[in-house]
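# Summary of the model geometry
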Amino acid sequence: MPNAKLKRTQRLDPRRPLVFDTRTLGSASAHSETRTVPAPAELGAGMVRVPESSDLELEVQLEDVTDGVLVTASVTAELVGECARCLDEFTSSIEVGFQELFAVEAGGSGDDGYLLDGDLLDLEPALRDALVLDLPLSPLCSADCAGLCSKCGFRLADAEPDHRHPDDGGVWAVLKDLLPADEASGAEESGRAEGRAESEAGRPRAQAAENGPASNGRQQNTSSTGTSGPAGSKER
Ligand SMILES: [Zn+2]
Ligand SMILES: [Zn+2]
């Protein structure tokens, strides 16, 4: 045969799950059959694939036509994919229908046609082509997948319904969260220092303030009364 674009040159093994024997047609013009076959390896594209050896449910009709055998098939397959929005793995299924002519001889209807191998027909390349074409480019775990938080990357489906961040302040919002705590404790300490300065008559305020932040023994005594708040002010 002069045409070099044969899909294969080896003799097909008729026992392979995706090989059909056109002799089942007999004298009839069409033959239908259903088959469950294990998915071949590396069936998929991008972020989705059909797990190897998972069940492919096939419905195939072979039809005797002038140039060869016309195959009308539908395949239902399991899918495993990675959600394009939330990056979680998910499973689903796909059903793909296709129709291809398997020519007796090459060179008839275009270069990419499929060929019969004697009485045998290997559906795998046609099935691969049809299925891969139909796989979603941006698969989603569900149509309304909320994706990931744009600020912290948390998967929103797993987050509290009111998941949000101190708003719109960006970096400054985070600092604002930190600052009040520091300021509050700073104010407390200087307040204590002042109280102490007043109770220890004669001591200059400034010196007491200098001692303030340090935690020597006396300071801790003072602060234990200081933290009790109202009691501290009564002592004055
Ligand atoms: Zn998702
Ligand atoms: Zn977030």
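Remember, it's a predicted structure, so these values are computed and weren't measured experimentally. One numbering rule holds for all chains: residues counted from 1, following each sequence as written. The order in which chains are written sets their letters, starting at A; the order in which ligands are written sets their numbers, starting at 1. In view of the model being predicted, local features appear only for residues whose pLDDT reaches at least 70, and side-chain atom pairs are presented and counted only at 80 or more, with totals across whole chains, interfaces and linings using the full set of residues.

### Quick word on the overall build of the chain
Here is the rule: Runs of H or I in DSSP of at least four residues are treated as helices and runs of E of at least two as strands, each being numbered from the N terminus.
Summing up its helical and strand segments, the chain has 5 helices and 9 strands in all. For the chain, the sequential pattern of α-helices and β-strands runs β-β-β-β-β-β-β-β-β-α-α-α-α-α.

### Quick notes on the environment of Arg 23
By secondary structure assignment, the location of Arg 23 is in the loop between strand S1 (19-21) and strand S2 (30-38). Separated by 96 residues in sequence, Arg 23 and Asp 119 place their C-alpha atoms 6.3 Å apart.

### Quick word on unusual backbone geometry
Despite not being glycine, Glu 42 has its phi angle at roughly 55 degrees, a positive value. Turning to its location among the elements, Glu 42 is positioned in the loop between S2 and strand S3 (43-45). The backbone of Ser 53 shows a phi angle near 75 degrees, a positive value even though the residue is not glycine. Tracing the backbone shows Ser 53 in the loop between strand S4 (48-50) and strand S5 (55-65).

### Focus on helix H1 (residues 124-134)
Stated formally: Partly exposed residues are those whose C-beta has more than 12 but fewer than 20 other C-beta atoms within 10 Å; 20 or more makes a residue buried and 12 or fewer makes it exposed, with C-beta atoms placed from the backbone. As used here, the arc belongs to the directions running from the helix axis to the C-beta atoms. What counts as a contact here is a pair of residues whose C-beta atoms, placed from the backbone, lie within 7 Å.
By the burial criterion, the buried members of H1 are Ala 126, Leu 127 and Leu 131. Each buried residue of H1 lies within a common arc of 120 degrees when the element is viewed along its axis, so the set occupies one face. Buried residues along H1 sit in contact with S3, strand S6 (68-82), strand S7 (89-103) and strand S8 (114-115).

### Observations concerning the nonpolar core
Counted only if it meets this: Among buried residues, those of type Ala, Val, Leu, Ile, Met, Phe, Trp, Tyr and Cys that are joined through C-beta atoms within 7 Å form a set called a nonpolar core.
Counting residues in hydrophobic clusters, the biggest one holds 25 residues, and the most contacted among them are Val 71, Val 75, Ala 77, Phe 102 and Leu 123. For this core, the elements supplying multiple residues, two or more each, are S4, S5, S6, S7, S8 and H1. Residue contributions to this core peak at 6 residues, all from S6. In contact with Val 71, not counting residues within four places along its chain, are Val 60, Leu 62, Gln 99, Glu 100, Phe 102, Leu 121, Leu 123 and Ala 126.

### A few points about the environment of Pro 51
Tracing the backbone shows Pro 51 in the loop between S4 and S5. Each C-alpha atom, one on Pro 51 and one on Glu 78, is 7.0 Å from the other, the two residues being 27 residues apart in sequence. If we ignore the near neighbours within four places in the chain, the residues touching Pro 51 are Ala 39, Glu 78 and Val 80.

### Side note on the confidence of the model for the chain
What counts here: The pLDDT value tells you how sure the predictor is about a given residue, anywhere from 0 up to 100.
Averaged over all residues, the pLDDT of the chain equals 77, while 64% of them reach at least 70. Note that pLDDT drops below 50 for residues 1-5; the model gives that stretch 5 contacts with residues more than four away or on any other chain. The low-confidence segment residues 184-236, where pLDDT is below 50, has 31 contacts with residues more than four positions distant or belonging to other chains.

### As for the pairing of S7
Short version of the rule: Paired strands, as defined in this entry, are two strands with at least two bridges between them according to DSSP.
Judged from the 15 bridges that link them, S6 and S7 form a sheet pairing that is antiparallel. Bridging across to S7, Val 71 finds its partner in Glu 100. Two successive antiparallel strands, S6 and S7, enclose a turn made up of 6 residues, where Leu 87 displays a positive phi of approximately 70 degrees. Note that S7 and S8 share 2 bridges and pair parallel. Bridged to Phe 102 within S8 is Tyr 114.

### As for the environment of Arg 85
One can find Arg 85 in the loop between S6 and S7. In this structure Arg 85 touches Leu 140, Cys 145 and Gly 147, once residues within four positions along its chain are discounted.

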